[in-house]
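Given next are the chains, with one letter for each unit.
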Amino acid sequence: MEAQLYYGGRGHPGIHARIFAVDNPATNEVIGNAVLADPDDVSLAVDAASQAFPQWSRSSFRDRSHVLLAIYQAITDHREELARLLTQEEGKSLAESDAEIRYGARFFEYYAAQVFQSYGHMIFPPMNSHTGWTAKVPVGVAVLITPWNYPFAMICRKMAPALAAGCTVVVKPAEQTPLIAWRFFSLLHTLALQPGVINLVTGDPEVVGPALIQDKRVRKISFTGSTAVGRRILSNAAKNITSVSLELGGNAPFIVFDDANIDDAIAGIMACKFRNAGQICVAANRIYVQRSIAPKVIRQLVKAATGLVVGNGMAPNTQIGPLINQDAIDKVITHLHDAEDKGAQVEIGGLRRPGPGYFFEPTIVTGVNEGMLLVREETFGPVAPLSVFDTEEDAFQTANNTPYGLSAYVYTTNLGRAMRASQLLEFGLIGINDPIPSRVEAPIGGWKESGLGREGGDQGIEEFLETKYVSMRF
């Protein structure tokens, strides 16, 4: 595939026609090329979005809703093709890729209805000579910067509410996964949208990112990625007082109490930890098990992990695909060596698979403590570190002992304990006996260093709207 930039309603090879290769992480083979945009390309994309904004922002709710439904249908009609490309580019299994495509499509279906809810309300002050009202208006040109681990769904989760709100968008996908973005835009091109409403720039984030963020015509930045990069974006956006939404890194605790259904808890850990080879910001990163049931949980978890099939995501029986690149492998190995040096035990796995591709064995580690990198940092790989706790108070206190606050998970059959967990855990997304709590209809976002703002649900569209208040004396 030869991907291009997209702005002004058509594809562009880039002003200087420079390209970079995109590899399949399962085979290390080149599967396509994408354009290295430069600041002039970025400026042209923002030009297009800025010129299209007045007309698109004044379009009717009905027209916007129809556009979003047309996008939903286009994704649905090409679901199989998109899933195959996603697996080749990112590595996850075909089953997971298909689920991601369906998940992404649903954002357009959902926000096609939410369009009609984005209005203000009347205000009646306690004075007979005054009245007033609020109006919800689109914030302006929105820059959407998306990660490589869910490269299709994250574009959809940002683009759907932005378009529904009346914003025009410039999408910057991760440099590891530009092909799925280009294929998506080429599908959208067939819908004959107003030129400039949707725009795409690819390439080096150190070049493209600053050019986007520093452009004063950009009024909204929505970023999903690491906390370190999010901090830089926030700092740079402050120069223009640009509105910023950030979904950043996580360090999710997964707490299993002794009253939990252990079979359900094991299934939950497997789903929450090993999906997408552990490369999920909401993946379980720290697993805490109450001491009395720890031996049984460890035995069952080792057995379950032993049965996972690691391989090329294009194979129908694959459950664990490759990591995204060598840097990801190196990080997992560094975290494991640190843990072993500090007394942890690898119960299963712990090795890279030989041969081409960035495959790493599903790994269970016990004897983990709070001083290890496995606990302090986001590993982003198929490694499940376990430690034990004694009391509920210990579990919640240890779970909160992190600068991150994106997601947390609790397994218990005690309703009171579940309610206390929902109140005491300092995280924006909490799954109680639910390993995959993310929903199109529900908001997701982090506390503390895990981000600002919310995506999804009715709060997702609010991120792309400004509130205007009008007071009238008569």
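For clarity, every value in this text was computed on a predicted model and none was experimentally measured. Residue numbering note: each chain is counted from 1, following its sequence as written. Only residues with pLDDT of 70 or above have their local features reported here, since the model is predicted, and side-chain atom pairs are shown and tallied only from 80 upward, although totals for entire chains, interfaces and linings are computed over all residues. Hydrogens are left out, water is left out, and the side-chain values use all remaining heavy atoms of the structure.

Undergrad: I would appreciate a short explanation of unusual backbone geometry in the present structure.
TA: A negative phi angle is the norm for most residues apart from glycine, just as the trans form is the norm for most peptide bonds. Even without a glycine there, the phi angle at Phe-380 is positive, about 60°. Phi is positive for Asn-433, which is not a glycine, with a value near 55°. The residue Asn-433 is located in the loop between β19 (429-432) and β20 (447-448) in this model. Going along the chain from the N terminus, every DSSP run of H or I of four or more residues is numbered as a helix, and every run of E of two or more is numbered as a strand.

Undergrad: Please clarify how the packing of helix α5 (residues 153-165) against helix α6 (residues 179-189) should be interpreted in this entry.
TA: Each pair of packed helices can be described by the angle between their axes along with the distance between the axes. Note on geometry: axes are C-alpha line fits, over the in-contact stretch for helices, and angles between N-to-C directions span 0 to 180 degrees. Packing of α5 against α6 brings their axes to within 11 Å, and their N-to-C directions diverge by 40°. As the angle between them shows, α5 and α6 are arranged oblique. Relative to α6, the crossing made by α5 is right-handed. On α6, the residues that touch Ile-155, Cys-156 and Met-159 of α5 are Ala-181, Phe-184, Phe-185 and Leu-188. In terms of residue class, the contact of α5 with α6 is built from seven nonpolar, no polar and no charged. The labels follow the angle: roughly parallel below 35 degrees, roughly antiparallel above 145, roughly perpendicular from 65 to 115, and oblique for the rest. A crossing counts as left-handed when the near helix is turned anticlockwise from the far one by less than a right angle, and as right-handed when that turn is clockwise. Contacts: residue pairs with any heavy atoms within 4.5 Å of one another. Residue type decides the class: Asp, Glu, Lys and Arg count as charged, Ala, Val, Leu, Ile, Met, Phe, Trp, Tyr, Cys and Pro as nonpolar, and the leftover types, Gly among them, as polar.

Undergrad: Just to check I follow, could you spell out the packing of helix α2 (residues 61-77) against α5 for this structure?
TA: Two elements in contact, α2 and α5, have axes separated by 9 Å at closest approach and are oriented at 155°. One element, α2, and the other, α5, form an angle in the roughly antiparallel class. At the point where α2 passes α5, the crossing takes the right-handed sense. Listed contacts from α5 to Arg-64, Leu-68, Ile-71 and Ile-75 of α2 are Cys-156, Ala-160, Leu-163, Ala-164 and Ala-165. Among the residues making up the contact of α2 with α5, the classes are represented as eight nonpolar, no polar and one charged.

Undergrad: When you look at the pattern of salt bridges in this model, what are you seeing that I'm missing?
TA: Opposite charge on two side chains lets them pair, provided their charged atoms get close. Only one rule defines a salt bridge in this text: a Lys or Arg side-chain nitrogen within 4 Å of an Asp or Glu carboxyl oxygen. Counted according to the given criterion, the structure contains 23 salt bridges. Here Glu-455 and Arg-157 are joined by a salt bridge, their closest N and O atoms 2.8 Å apart. Placement of Glu-455 in the loop between β21 (451-452) and α15 (457-462) and of Arg-157 in helix α5 is noted, with a sequence separation of 298 residues between them. Each residue is assigned to one of three classes by its accessible area relative to the maximum for its type, calculated with a 1.4 Å probe on protein chains only: buried under 20%, partly exposed between the two thresholds, exposed over 50%. Classification of Glu-455 by relative accessible area gives buried; the value is 8%. Residue Asp-390 is joined to Arg-291 by a salt bridge in which the shortest nitrogen-to-oxygen separation is 2.7 Å. Of the two residues, Asp-390 sits in the loop between β16 (383-389) and α13 (392-399) while Arg-291 sits in the loop between β13 (284-290) and α10 (294-306), which places them 99 residues apart along the sequence. Overlapping salt bridges, with partners in common, bring together Arg-157, Lys-158, Glu-247 and Glu-455 in one network.

Undergrad: So what exactly am I meant to see when it comes to the packing of aromatic side chains here?
TA: By convention here, two paired aromatic rings are described through the distance between centres and the angle between planes. The pairing test for Phe, Tyr and Trp rings, Trp by its six-membered ring, is centres within 6.5 Å, and the orientation test on the planes gives stacked under 30 degrees, edge-to-face over 60, and tilted for anything in between. By the definition in use, this model includes 12 aromatic pairs. Here the aromatic rings of Trp-148 and Phe-380 are separated by 5.8 Å at their centres, their planes lie at 90°, and the arrangement is edge-to-face. With Trp-148 in the loop between β7 (141-145) and α5 and Phe-380 in the loop between α12 (373-376) and β16, this pair connects stretches of sequence that are 232 residues apart. Taken together, the aromatic side chains of Tyr-6, Phe-108, Phe-152, Phe-184 and Phe-185 make up a single cluster linked through ring pairs. Definition used: whenever NZ (Lys) or CZ (Arg) falls within 6 Å of the ring centre and also within 35 degrees of the ring normal, the charge is taken to sit over that ring. A cation sits over an aromatic face here: Lys-220 above Phe-464, 6.0 Å from the ring centre.

Undergrad: Quick question: what am I supposed to make of the sheet that holds β19 here?
TA: Two strands form a pair only when DSSP identifies at least two bridges running between them. On the basis of which strands lie adjacent, the open sheet formed by seven strands has the order β14-β15-β16-β13-β12-β18-β19 and mixed pairing. The sheet is open, and its two borders are formed by β14 (345-348) and β19, each paired with just one other strand. Within this sheet the neighbouring strands show an average axis-to-axis angle of 25°, counted without direction. Strand direction decides the pairing type here: strand β15 (residues 363-366) and β16, joined by three bridges, are parallel. By the bridge assignment for β16, Ile-364 is matched with Ala-384.

Undergrad: I would appreciate a short explanation of the side chain of Asp-41 in the present structure.
TA: Among the structural elements, Asp-41 can be located in helix α1 (residues 39-57). Residues scored as charged are limited to Lys and Arg (positive) and Asp and Glu (negative), so that His and the chain ends carry no count. No salt bridge is formed by the buried Asp-41; its nearest oppositely charged neighbour, Arg-18, is found at 6.7 Å. Beyond its immediate chain neighbours, meaning those up to four positions away, Asp-41 contacts Leu-5, Tyr-7, Gly-14, Ile-15, Leu-36 and Val-201.

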